[in-house]
Amino acid sequence: MSERHAGAPGQVKEVTSLANPLIKDIKALSLKKFRDQQNAFMAEGLKLVIDALDLGWSIRTLVFAKSGRGNAAVEKVAARTVAAGGTVLEVSEKVLVAITRRDNPQMVVGIFSQKFLPLKDIRARDGDVWVALDRVRDPGNLGTVIRTVDAVGAKGIILVGETTDPFSVETVRATMGSIFAVPVAKATPETFLAWRKGFPGLVAGTHLKGAVDYRSVDFSKGPVLLMMGNEQQGLPESMAESCDRLLRIPQAGRADSLNLAVATGIMLFEIRRGALKLSPEDAKP
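All values derive from a computational prediction rather than experimental measurement.

Considering the packing of helix 1 (residues 21-28) against helix 5 (residues 93-100)
Put simply, helix 1 and helix 5 touch, their axes get as near as 8 Å, and they point 30° apart. Looking at the two axes, helix 1 sits roughly parallel to helix 5. Of helix 5, the residues touching helix 1 (which contributes I23, I26 and K27) are V95, A98 and I99. Class assignment of the residues belonging to the contact of helix 1 with helix 5 gives a composition of five nonpolar, no polar and one charged.

Quick notes on the environment of F192
Considering the arrangement of structural elements, one finds F192 in helix 8 (residues 189-196). Distance in space between the C-alpha atoms of F192 and T148 is 22 Å, their sequence separation being 44 residues. In this view, F192 contacts L119, A132, I158, V160, A187, L225, M227 and M239; residues no more than four positions away in its chain are not counted.

Notes on the environment of R135
Take R135: it is sitting in the loop between strand 7 (129-134) and helix 6 (139-152). For the pair R135 and G161, spaced 26 residues apart in the sequence, the C-alpha separation amounts to 5.3 Å. Discounting residues that sit within four places of it in the chain, R135 has contacts with V160, G161, E162, T163, N230, E231, Q233, G234 and P236.

Topic: helix 1
Of all the residues in helix 1, the buried ones are I23, I26 and A28. Near the N-terminus of helix 1, the side chain that reaches the backbone nitrogen of L22, with its oxygen 2.8 Å away, is that of N20.

Some thoughts on the layout of surface pockets
Estimates place the volume of the largest pocket at around 620 Å³. Surrounding the largest pocket, 22 residues form its lining, T206, H207, L208, S257 and L258 being those nearest its centre. When residues of the lining of the largest pocket are traced back to their parent elements, those giving at least two are strand 13 (245-248) and helix 10 (260-271). Of the voids in this model, the second largest pocket is the one considered here, and its volume is about 280 Å³. As for the second largest pocket, its lining consists of 15 residues, of which K32, G161, E162, T163 and K186 are closest to the centre. Those elements that provide at least two residues to the lining of the second largest pocket are helix 2 (32-38) and strand 9 (184-187). Residues of the lining of the second largest pocket, tallied by class, amount to five nonpolar, five polar and five charged.

Digging into the pattern of salt bridges
Tallied over the full model, the rule gives 15 salt bridges. The residue D121 makes a salt bridge to K120 at a minimum N-O spacing of 3.3 Å. Notably, a salt bridge pairs K221 with D218, separated by 2.6 Å at the nearest N-O pair. Through salt bridges that share partners, E44, R102 and R173 make up one connected network.

Looking at the pairing of strand 7
The buried count for strand 7 comes to six of six residues, which makes it a mostly enclosed element. In terms of strand pairing, strand 7 meets strand 12 (residues 224-228) through five bridges, oriented parallel. In the strand pairing of strand 12, V129 is matched with V224. Looking at chain direction, strand 7 and strand 8 (residues 156-160) are connected through five bridges and run parallel. Residue pairing in the sheet places W130 in a bridge with G156 of strand 8. The handedness of the strand 7 to strand 8 crossover, carried by helix 6, is right-handed.

What counts, and where the lines are drawn
Chains are numbered independently. Their residues run from 1 in the order of the written sequence. Only residues with pLDDT of at least 70 are given local features in this predicted model, and only at 80 or more are side-chain atom pairs given and counted; all residues enter the totals for whole chains, interfaces and linings. Hydrogens and water are ignored here; the side-chain numbers use all heavy atoms of the structure. Think of each axis as a best-fit line through the C-alpha atoms, taken over the contacting stretch in the case of a helix, with angles from 0 to 180 degrees between the N-to-C directions. Labels follow the DSSP assignment, with helices taken as runs of H or I lasting at least four residues and strands as runs of E lasting at least two, numbered in each case from the N terminus. Angle categories: roughly parallel below 35 degrees, roughly antiparallel above 145, roughly perpendicular from 65 to 115, and oblique for all the rest. Residue contacts follow a heavy-atom distance rule, with two residues in contact if any of their heavy atoms lie within 4.5 Å. Think of it as three bins: nonpolar holds Ala, Val, Leu, Ile, Met, Phe, Trp, Tyr, Cys and Pro, charged holds Asp, Glu, Lys and Arg, and polar takes everything else, Gly as well. Here's how the labels work: a residue is buried when its accessible area is under 20% of the maximum for its type, exposed when over 50%, partly exposed in between, all with a 1.4 Å probe on protein chains only. Counted as a polar contact is a pair of N or O atoms within 3.5 Å, where, for protein atoms, one must be capable of donating a hydrogen and the other of accepting one, and residues adjacent in sequence contribute only when both atoms are in side chains. In this analysis, the protein atoms alone were mapped onto a 1 Å grid. Cavities are point sets where a 1.4 Å probe fits without being able to get out; pockets are open sets with protein on both sides within 12 Å along at least five of seven lines; lining residues have an atom within 4 Å of a point. Grid points are joined across faces, edges and corners, and a volume is the space filled by probe spheres set on the points. Criterion for a salt bridge: a side-chain nitrogen of Lys or Arg within 4 Å of a carboxyl oxygen of Asp or Glu. At least two DSSP bridges between two strands are needed for those strands to be called paired. When the strands point away from the viewer and the connection leading from the first strand across the helix to the second strand turns clockwise, the crossover is called right-handed.

Below, the structure is given as structure tokens:
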């Protein structure tokens, strides 16, 4: 490894070896154990890194391909990283492939500190929508739900019980950058149910035993907490019993259930229907 430049408070280094300790630490972030130990995670793509910095996330390391040298946007992000006290690594294509485990990796990768919202800090107000996901298992589903929460302007997600990691590489990819815009809280089932008792609005869940068509409910008054069960078992009885309304999405085909992310998306767009309007520009043919 040769250093091209070192500046306080951050550093810029050139790395070509896969044996470099910095690269080994970054590669280890593919495993939850090391993400938790380092309280860090990886996000790929220049736009994602810029969005994260703009939203105030703490960047530890910026990795960019040699082909990015001279790119004004990459150079600006590198300067922001150094100014924030982070490390900037200029790496070979081989190193970038190893880090991302992709044959055609993005030019830029950012390593950020994880951030969870304490459950006790959630203050739901009129118009707010929160989503509670019980034991969600699939990172693609979780990432898609986070992206959908962002798209509809809901406030955030509460992960209940043992769930997939919101900061895994697969989940972060599926969020398409929304991981940086959507607050994520986590809680044990017991802590969540205790907190739910103080929720000031409507608590609704989808359930096979639900007798109410989700389209018939007025979601416009006060905040809404939407509870969604996991992919295999749906909402457990303890969470279902704590709902004010158990809802169903009518189906006409042979499939007996919907994908979790699809069902959550349907519910969120219905709950937020009154707040989602096309602008005059969008409505033009």
